[in-house]
Structure formats: structure tokens, C-alpha cells
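Examining the three-dimensional arrangement
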Amino acid sequence: MNKLLKVSSNPHVRSQMTTSSIMLSVIVALMPAAGFGIYHFGPRAALVILVSVLGTVGAETLYWAFLRFVCGQKDRKNTVWDLSAVVTGLLLALNLPVGIPLWMAVLGGIFAIVAVKMLFGGLGQNFMNPALAARCFLLISFPARMTDFVCDACTGATPLAALKAGEQVNVRDMVFGFTGGTIGETSAIAIAAGACILLLLGIIDLRIPASYLVTVALFAGIFGGRGFDPNYISAQLAGGGLMLGAFFMATDYVTRPITGKGQYVYGVILGLLTGIFRIFGPGAEGVSYAILLGNLLVPLIEKYTRPTAFGYRKRGARSGK
Amino acid sequence: MAKLTFQGGIHPYDGKDLSKDRPIRDILPKGELVYPLSQHIGAPARAIVAVGDRVLAGQKIAESGGFVSAPIYASVSGTVKAVEPRRVVSGDMVMSIVVENDELYEDVGFYPVAPPDKLSREEIIDIIREAGIVGMGGAGFPTHVKLSPKEPEKIEYVIANCAECEPYLTSDYRRMMEEPEKLIGGLKIMLRLFEGAQGILAVEDNKPDCISLLRQLVREEPGISVKALKTKYPQGGERTLIYAVTGRKINSTMLPADVGCIVNNVDTVVAIYRAVVEGRPLMERIVTVTGDAVASPGNFRVKIGTSYEQILEAAGGFREPPEKVVCGGPMMGIAMSDLKVPATKTSTALLAFTKDEVSMIEPGPCINCGRCVEVCPGRVIPSRLADYAERFDEQAFLDNFGMECCECGCCSYICPARRPLTQEIKSMRKILLAKKKR
């Protein structure tokens, strides 16, 4: 043997899944929702998506270039290849109305990447979902443009606003997505199709989405004032950003609890917050703020749902071999 | 209650097809054989031969160095060449007895003490201790200590660990297919030590031929049953095995006997049979030689002390130059830097790979995906423990059950960010254990 052998600590084999393959799966899973958005809202939706993704990817690259060339961090690698910036840009676009000025989409992308993600240490270190934080940033900064859902394909009010005003809504249209709203949130079916991809690939599980949706349904049934009217409950579930939020944003690895029990608790908290915002709040929507608030509660949830190691009965019992 | 599986675990590529149908072949070593005095957990053995002595196969060359220790026997006849530190698999230098093989393979003659049913409990345990038998699945814990729990009457299950959950390994499988009567005979001897206990052969269900063969053989044995466990790594770990078979849980501070169980690996049980029934001390074991760099993978009966170089030669040498050679399975084995080291009582396999996947990957930041939590059989949070280890936050590491890690490697295997989680946790545990001893 003339070649030196490689040595390393065990294990000596690894699974095939990588961070970027996970991100790629999420991108693929978002395609049905994005595709329907483009079909429903027209080609401008595609432009918003493109610009938003360019905004996030560009921001991450510029941030890297700044650290690499201006600050002289020679070993720093450009992290856009992990594809997480693409996911953020895509999610942000799906949370924007089709008529938004393009520069706002870019601004949102920059905010998501620089202020929410990179300044806190990059991938894995942000304590809020970047896309949602950027959406709320835009919502606060430009409330009129961000809630202007008028477009060629749809009538004025979103189904949830109509519901809140006491009007009847067409649940069938909501399930298919032929209603007003942001680019990616309207079609429950398209979102569910994408969610199925993630569930089948094992990228997400049902703990958070199921506990979230069930809590919203119960909350709406109890406090919504219309009882458990199936039409009303389904409209609550299919309306607004709930489907997109429950399957694609509440399940964001970085900003949800890592413990199994904690994930159920988190889902229930998101459901309660969403219910409160939607039914008792001034607006009809509540998913974005609910998830952002939930993100902030994650360390607390984890603290109280720490798993007990195998072979121990009580929580808090310490292992001292 | 039998669960037949456990929470967590992984399904790595199993690679067993390379060697599972290759019958066990004997290797007759040439040249020198090296017997490290520490091939078990506990006090090193003490050499009782001197340079120049002629020894026979089956002759005791080192005696037990304490209660938790085991004697060592020569596996060939020849002359003691040296008693000096030699390199072992882990890379450490360990005091060893070196015997120059005269290739006559003369032995001392093996006679059983008495028919097994005439032996008392103490006599059986004495024979096992004298035979130098230790846990041959990899841990090397002296078997007589395992078989002497404080309250032997409380033992309800004697489990033969036939899971062989490590990928690529087929030595236990071959042993069970070729010498099942010795396995069952060994289990029966252990059952004599624990009146009223049930004997269980716990096999993973990826070995259906083995399960049906064993079932056939124990049909007439009321006290022994075969349990087919779901195939999942690390099913053969002591804690996961006991849980799968009995539904009982032990943590790192407990012994199997605390929940009424005794667990021994296939090779160990066979060694017990050979010691008690045939009067043979532990001198050989089965080693799987496999991997894509090996010319002709197979299973070999290896005399303890044989150098890995010769074991590899028996398998046809390298087909292609390897990049990585591992002693043991791919999940928990030790990467070797040199093949000129001896096989010991705990050497289960020699793996050689043309590509080292681990050297090609680049760790990235944790994305908190929770896969390590899902797969961890110890039910801890490996990603967080690795963080505490990196920061050397001893308190947080202990508070979050860091010592419960069994170093099975599932977390590192599954991590999409390719973080060396097991390595970090393992290093921290090592430091804390050493600190505790001091």
C-alpha cells in the first residue's frame, strides 16, 4: 500500500440527504402553488416571483461579497448554493399580492436575507422565519399596497374579509383557489399537493400542520359565532394564508421547536393566536403574525418539552455515570 | 411485553450480500501472532510467560488481572518472542505478548471438566472465567462478570443477541447458519445458571432463513424461543435489544440485570459452549472481511492474534487500493491507519472501501431539522449536545442527558448538514468519563 489510509471518527457512512436537497424539495413542493398563482393572477405573478427570488439570492451574494472582499474573510463561502435563499424568495413572493411594485418585492427580499437571516448568523441562526418577517415588514411599511388584492381575475374583498363582514363565501372556489389573495395562498388544493410531496419525502411531518389546523377549526367553531357550520369552518381553513402557513412556514425547521412534543404545543399555540387575530382582531388575517409570535416562543416551548432520555422516568433526572 | 423494535434508528445500506453466502473458512496464520494484554474492559491481563518459552495452542499465556478482567490463551504453538508494547487497532501502543508461530499447531489437548449437567452454577462460571471469554460483539466486557449479577434469581430473560444490525457484518449470520446447535447449546448452559429464566434468540428479520432454522431447532425446547425483530440499526445495541424483546428500559447507569436480563452476543454464546462442552478456551473468532476494495469478501475463522494483513490476504487482498479501512462495522467501527495490527477477541470485521464518503463531505450549519432527534435511540437531542460539547458546556451537556449517548452514530449518519455530531458528543463523553474516574 503506497497510499495513506484515511481515518475519521465513526460512523463511516452517511445518508444521501443534504441541506440543499431538502431546500430543493421544498422548492419543488412550492411549484403547484406558484404555478396556480401564475395561472390565476396572470404573468405578472411570475415576474413578482422572479424578482423576489433575485432579491433574496442577490442580497445573500452581496452580503457574502461584502464580508469576503471588504471585510477580508477569505474562507467565507457563498451560501446561496444551499438554496435556502431561493426558498425564502419564493415563499416571500407567494405571500405578496400580484399588484405589488417590483421594487417592494426586492426590498422585502433584502430585508429577509440581510436583517432577519444574515445579521443573526446566517442559515440556522435566524429566530424568525425570514419570508414572513419580510412580509410583515412590508405590511407595516406599505399597508395599502400590501392589502390591495384587486386584480383582473378576482373581485375586491378576499374571502376572509367577506367572511368577517358576515357575507357568504363560495368554499368551492376557495378550495380550488379562484379567489383574491396573495399569489400563492389562494389554492388550498395546490398547496396540499405540494405538502403531500414534502410529507412523502419525509421533509415535514403532520405534527405542526395538523395541530395548527385542528386548533384553528375548533377555535373558529367555538368563538366564530357560527358554530361548527361546515361551510364556515372550511372557509376558515382554506382562507387566507393558513394552508400555506401551516404546511410551508410553520414547519420551517430553523424557527420551530426541535422536540416532538414541542411541535404539537407550537401548532396549538399558532392555532390559538391565528384564531384570536382572525376573530377578535381588527383584520381578517392572522397567520403571519401568529407564526412570527410563535417563533419567538420556541425557546420557551423547547425548555418545557425537553425529552426524557431513554430509560429515565422523570424529567429533570440527570444522568451521571 | 415484546415490542420487537424501538423508537428511533436508521436504515443504512446493509451491504451484507457481499459476504453473507460465503461459508466460514479457516485462516492458518504465519509468522508472529500478537496478543495485547488488554483486549477487554477492565484490568489488563498479566503475562505469565517469558521470552524464549515454548507455548502450545490453548496454553494460558496471561492471567486475569482482577475480577473485571480476563486471561489470554495462545492460539498457535510457538515461541514467545517478546513481551513489549505493540500497536493495536485504536492506534494506541498496548503491552502485548508476541509469539513466533512454529506452524505445527500443537495444542495442549482439550477436555471438558465434566458433562455440563453435572456442573454446578459456580463451576460453570469458573470455566467461563478461566476460558477468557469476553463480550465478542465489540464491547469486550468479561462474560463471567455479566453472568454473576447480585441477584441471579431475579433474572427472567437470557437473550442471545443475534441481531447483527451493523451493515456489512455477516459473521454472526454465518455462525448461526453453520453451527446453530452450538449457539443453542451455549444458551442452554446459560439458562442453567438462571433457573426459571426464558432463553431468547433475538434475530433481525432480514435473516428469515436463520429465523426458520433456529425455530426448527428449538421446537422441542420449551424454555427457548426465537424472536424476529424488525430490521433497524442499532437494534443490536444492548438497550434497544432489551426494549425490543421485553419492553423494559435501562439507561446508561443501569445493567441489563437490573431489569432481569442477561444479554450475550452470538460469538460469545458459542464461546461459552466450546469452553464448557469442549473444554476449549477462547482462541478464535469469526471475522467478516468485506467492502468494495476487497477482492473476495468472506467470513473467516481467525486465530486471535493474527495480523489483519494476513486476514486480508485470505480474502484475496485488495482489488483496488482502499481509501479507508475499518475494524468493525461502518457505523461504530474504528478507522485503521495500519493493517499490521492483531485481531483481538472483539474484532468483528475488517471493511475496506475504495471511497471514503466522510472525507468528501463538508459540514454545514445546523438547520435544526430534528432528524437527529428522530433517529436517536437514546431519546436525546444530539444537535444540541454537540453544541454544548463544542462550547465545552459541561453543565448543559449533563443536564441534557449527554451521558446517555451510546455512540451508535445514527445522528451523524442522518444529518443533512453533515455535522460530525457523534464525534463531538463522543469526545465530550470521553473527557467527562475520564474526569469522573480521577
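Residues numbered from 1 in each chain as written. Chains lettered and ligands numbered in written order. Predicted model: local features only at pLDDT ≥ 70, side-chain atom pairs only at ≥ 80, totals over all residues.

**Focus: the sheet that holds strand 12 (residues 261-265) of chain B**
Residue and element names in this part refer to chain B. One open sheet accounts for four strands, arranged 11-10-9-12; its pairing is parallel. Two strands in the sheet have a free side with no partner beyond their single neighbour: strand 11 (224-229) and strand 12. On average, adjacent strands in this sheet sit at an angle of 25° to one another, irrespective of strand direction. (Pairing = 2+ DSSP bridges. Helix = DSSP H or I, 4+ residues; strand = E, 2+ residues; numbered from the N terminus. Axes fitted to C-alpha atoms, helices over the stretch in contact; angles between N-to-C directions.)

**Overview of the pairing of strand 7 (residues 78-87) of chain B**
Residue and element names in this part refer to chain B. As paired elements, strand 4 (residues 54-55) and strand 7 share two bridges and run antiparallel to each other. Bridge pairing links V55 to G78 in strand 7. Bridge analysis of strand 7 against strand 8 (residues 93-101) gives nine bridges, and the strand direction is antiparallel. Across the sheet, T79 pairs through a bridge with E100, a residue of strand 8. In sequence, strand 7 turns back onto strand 8 through a hairpin of five residues, with G91 there showing a positive phi of about 100°.

**Looking at the domain arrangement of chain B**
Residues and elements named next belong to chain B. Under the domain assignment used here, chain B contains domain 1 (112-277) and domain 2 (371-437). With seven residues of domain 1 at the contact, the number on the domain 2 side is six residues. Looking at the side of domain 1 that touches domain 2, its residues break down into two nonpolar, four polar and one charged. (Domains from an automatic or database assignment. Contact = placed C-beta atoms within 7 Å. Nonpolar A, V, L, I, M, F, W, Y, C, P; charged D, E, K, R; others polar.)

**Re the interface of chain B and chain A**
Across the boundary between the two partners, chain B contributes 58 residues, which contact 36 residues of chain A. Breaking the side of chain B that touches chain A down by element, the ones donating at least two residues are strand 15 (324-327), strand 16 (334-336), helix 9 (357-360), helix 12 (394-399), helix 13 (410-414) and helix 14 (421-437) of chain B. Within the side of chain B that touches chain A, the residues separate by chemical class into 32 nonpolar, 15 polar and 11 charged.

**With respect to the packing of helix 4 (residues 102-117) of chain A against helix 5 (residues 130-141) of chain A**
Residue and element names in this part refer to chain A. Across the interface, helix 4 lies against helix 5 with an axial gap of 8 Å and an inter-helix angle of 125°. Relative to helix 5, the element helix 4 lies oblique. Classified by chirality, the crossing of helix 5 by helix 4 is right-handed. Within the contact between the two elements, helix 4 uses M104, G108, G109, F111, A112, I113, V116 and K117 and helix 5 uses P130, A131, A133, A134, R135, F137 and L138. (Parallel < 35°, antiparallel > 145°, perpendicular 65-115°, else oblique. Left-handed = near helix turned anticlockwise from the far one by under 90°.)

**As for the packing of helix 1 (residues 19-41) of chain A against helix 9 (residues 188-200) of chain A**
Any two packed helices are characterised by the angle at which their axes cross and by the distance between the axes. Residues and elements named next belong to chain A. Between helix 1 and helix 9, the least distance of the axes is 8 Å, while the angle of their chain directions is 170°. By the angle between their directions, the pair helix 1 and helix 9 is classed as roughly antiparallel. Considering the relative orientation of helix 1 and helix 9, their crossing is right-handed. Contact with helix 1, carried on its side by S25, V26, V28, A29, L30, M31, P32, A33 and F36, involves A190, I191, A193, G194, I197 and L198 of helix 9 and no other residues of that element.

**Some words on unusual backbone geometry**
Of the consecutive residues N10 of chain A and P11 of chain A, the connecting peptide bond is found in the cis state with omega at -5°. Along the polypeptide, P11 of chain A turns up in the segment before helix 1. In this structure, P234 of chain B follows Y233 of chain B across a cis peptide bond, with omega equal to -5°. Assignment of secondary structure puts P234 of chain B in the loop between strand 11 and helix 6 (238-246). With a phi close to 60°, E103 of chain B is a non-glycine residue in the positive phi region. Mapped onto the secondary structure, E103 of chain B falls in the loop between strand 8 and helix 1 (121-130). Phi at Y168 of chain B takes a positive value of approximately 75°, unusual for a residue other than glycine.

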